[in-house]
Amino acid sequence: MKSIVILISGRGSNMEAIVQRCAAEAWPARVAAVISNRADAAGLQFAQSHGIETAVAAHKAYASREDFDAALAEVIDAFAPDLVVLAGFMRILGPAFVRRFEGRMLNIHPSLLPAFPGLHTHQRAIEAGCKLAGATVHFVTPELDHGPIVLQSVVPLLADDDAAALAARVLATEHRIYPQAVRWFVEGLLRIERGVVRHVGGESQLLACLHGEGGTG
Ligand code: GAR
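Below is a summary of the structure that appears in this document. The model shown is predicted, which means the values in this text are computed figures rather than measured ones. (Residues numbered from 1 in each chain as written. Predicted model: local features only at pLDDT ≥ 70, side-chain atom pairs only at ≥ 80, totals over all residues. Heavy atoms only, no water.)

### Topic: the overall build of the chain
Okay, so step 1: Looking only at helices and strands, the chain has 6 helices and 10 strands in total.
Okay, so step 2: Taken over the C-alpha trace, the chain has a radius of gyration of 17 Å; the compact-globule value for 217 residues is 17 Å, and the two agree within 12%.
Okay, so step 3: Seen through its C-alpha atoms, the chain measures out along the principal axes to roughly 45 × 40 × 40 Å.
Okay, so step 4: A burial count over the chain gives 47% of its 217 residues as buried. (Helix = DSSP H or I, 4+ residues; strand = E, 2+ residues; numbered from the N terminus. Rg over C-alpha atoms; globule rule 2.2 N^0.38 Å. Buried < 20%, exposed > 50% of the residue type's maximum accessible area, 1.4 Å probe, protein only.)

Next up, the structure:
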């Protein structure tokens, strides 16, 4: 049974999707803890109401990024996770922290990486005139929103989209690809070769939703 720790900063809808699919599909894994850098993160209540341990490592309580990273790593290590899942965790993590969890830490970002890392992703995609948008699950490296890509989802960017409309369309696909990527990891189905992630069974690592909200086309 693999142990998963999920880090959030707010709403936690991706965390919810992972918790629910883990239970519904009886993965060989359990979510051991949900940790937030903000005590008011809404997602903590969902975790508690599902009997999952929660913890808060408040970044504001530490003088430096290194001190915060060290304290956070200690909180995480107490749960001895096989996998650390960043699910809307909005703090930049330093290289020492990333190295400590190298190869066992995933992130989701609401763009087709390597395009648009960082903040205001959807607005930047609209302003660039992109016709496609999407989300990316990737292994975490010290570079922000960067690393070997596990799964991507693709949705159309429509002419009258504002950032909120686009974010909602992308988020619906995040809730499909993030649980899938985590499941593949805990089932031992992912290999990284020369910086490229392969599913050992040859499953498609692309979810294309180009013909309507929930479609697979
Ligand atoms: C998600 O859209 C996620 O992709 C994004 O934050 C949102 C969190 O929502 N993450 C990033 O931008 C990371 N750079 P959630 O709390 O409801 O899962």
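Here the narrative resumes, following the displayed structure.
### Observations concerning helix 1 (residues 13-24)
Okay, so step 1: Between its first and last C-alpha atoms helix 1 spans 16 Å; for 12 residues at 1.5 Å apiece the expected length is 16 Å, and the two agree.
Okay, so step 2: Looking at the packing, one finds that the buried side of helix 1 touches strand 1 (2-8), strand 2 (29-36), helix 2 (43-49), strand 4 (83-86), strand 5 (105-109) and helix 6 (163-186).
Okay, so step 3: Positive phi appears at Ala26, one or two residues downstream of helix 1, with a value of about 45 degrees. (Expected span 1.5 Å × (residues − 1). Contact = heavy atoms within 4.5 Å.)

### Quick notes on the pairing of strand 8 (residues 190-193)
Successive side chains on a regular strand alternate, one facing one side of the sheet and the next facing the other.
Okay, so step 1: The pairing of strand 8 with strand 9 (residues 196-199) spans 4 bridges and is classified as antiparallel. Among the inter-strand pairings, Leu190 is bridged to a residue of strand 9, identified as His199. (Pairing = 2+ DSSP bridges.)

### Concerning the side chain of Asn14
Okay, so step 1: Mapped onto the secondary structure, Asn14 falls in helix 1.
Okay, so step 2: Judged by its relative accessible area of 7%, Asn14 is buried.
Okay, so step 3: In this view, Asn14 contacts Ala87, Ile108, Leu171, Glu174, His175 and Tyr178; residues no more than four positions away in its chain are not counted.

### A word on the site of the ligand
Okay, so step 1: Near the ligand you find Arg11, Gly12, Ser13, Asn14, Gly88, Met90, Ile108, His109, Pro110, Asp145, Leu171 and Glu174, and these make up its full shell.
Okay, so step 2: The separation between an oxygen atom of the ligand and a polar main-chain atom of Gly12 is 2.8 Å.
Okay, so step 3: When the ligand sits alone it has 460 Å² of accessible area, and the protein chains cover 87% of it.
Okay, so step 4: Per-class residue counts for the shell around the ligand are 4 nonpolar, 5 polar and 3 charged. (Near = heavy atom within 4 Å. Polar contact = N/O pair within 3.5 Å; in protein donor to acceptor, adjacent residues only side chain to side chain. Areas by Shrake-Rupley, 256 points an atom, 1.4 Å probe, with all protein chains shown as cover. Nonpolar A, V, L, I, M, F, W, Y, C, P; charged D, E, K, R; others polar.)

### Quick notes on unusual backbone geometry
Okay, so step 1: Note that the residue after Leu113, namely Pro114, is joined by a cis bond; omega there is 10 degrees.
Okay, so step 2: Of note, Pro114 is situated in the loop between strand 5 and helix 5 (121-127).
Okay, so step 3: Notably, Ala26 is not glycine yet its phi reads approximately 45 degrees, a positive angle.
Okay, so step 4: Backbone geometry at Ala80 places phi at a positive 45 degrees, although glycine is not the residue there.
Okay, so step 5: Position of Ala80 among the secondary structure elements: in the loop between helix 3 (65-77) and strand 4.
Okay, so step 6: On the basis of relative accessibility, which here comes to 55%, the residue Ala80 falls in the exposed class.

### A few points about the environment of Asp82
Okay, so step 1: If you trace the backbone, Asp82 turns up in the loop between helix 3 and strand 4.
Okay, so step 2: In sequence terms Asp82 and Gly202 are 120 residues apart; their C-alpha atoms lie 23 Å from each other.
Okay, so step 3: What Asp82 contacts, discounting residues up to four positions off in sequence, is Met1, Lys2, Ser3, Arg104 and Phe185.
Okay, so step 4: Side-chain polar atoms of Asp82 contact the backbone nitrogen of Ser3, separated by 2.7 Å.

### Overview of the sheet that holds strand 7 (residues 149-156)
Okay, so step 1: Strand order in the open sheet formed by 8 strands is 3-2-1-4-5-6-7-10, and the pairing between neighbours is mixed. What marks the edges here is a single partner per strand, and that holds for strand 3 (53-56) and strand 10 (206-208). When the angles between neighbouring strand axes are averaged without regard to direction, this sheet yields 20 degrees.
Okay, so step 2: Bridge count between strand 2 and strand 3: 4 bridges; the pairing is parallel. Looking across to strand 3, one finds that Val34 is bridged to Thr54.
Okay, so step 3: Lying on the sheet, helix 6 is in contact with strand 1, strand 2, strand 4, strand 5, strand 6 (132-139), strand 7 and strand 10; it crosses strand 7 at an angle near 155 degrees. (Axes fitted to C-alpha atoms, helices over the stretch in contact; angles between N-to-C directions.)

### Some points on the nonpolar core
Okay, so step 1: Within the largest apolar cluster, 43 residues are counted, with the highest numbers of intra-cluster contacts made by Ile6, Val34, Val85, Val137, Val150, Tyr178 and Val182.
Okay, so step 2: At 9 residues, helix 6 tops the list of elements feeding residues into this core.
Okay, so step 3: Each residue touching Val34, except ones within four places of it in the same chain, is listed here: Ile6, Ile8, Met15, Leu44, Ala47, Ile52, Glu53, Thr54 and Ala55.
Okay, so step 4: In terms of nonpolar packing, the next biggest core, distinct from the first, is built from 21 residues, Ala55, Ile76, Met105 and Val140 among them. (Core = buried A, V, L, I, M, F, W, Y, C linked by side-chain atoms within 4.5 Å.)

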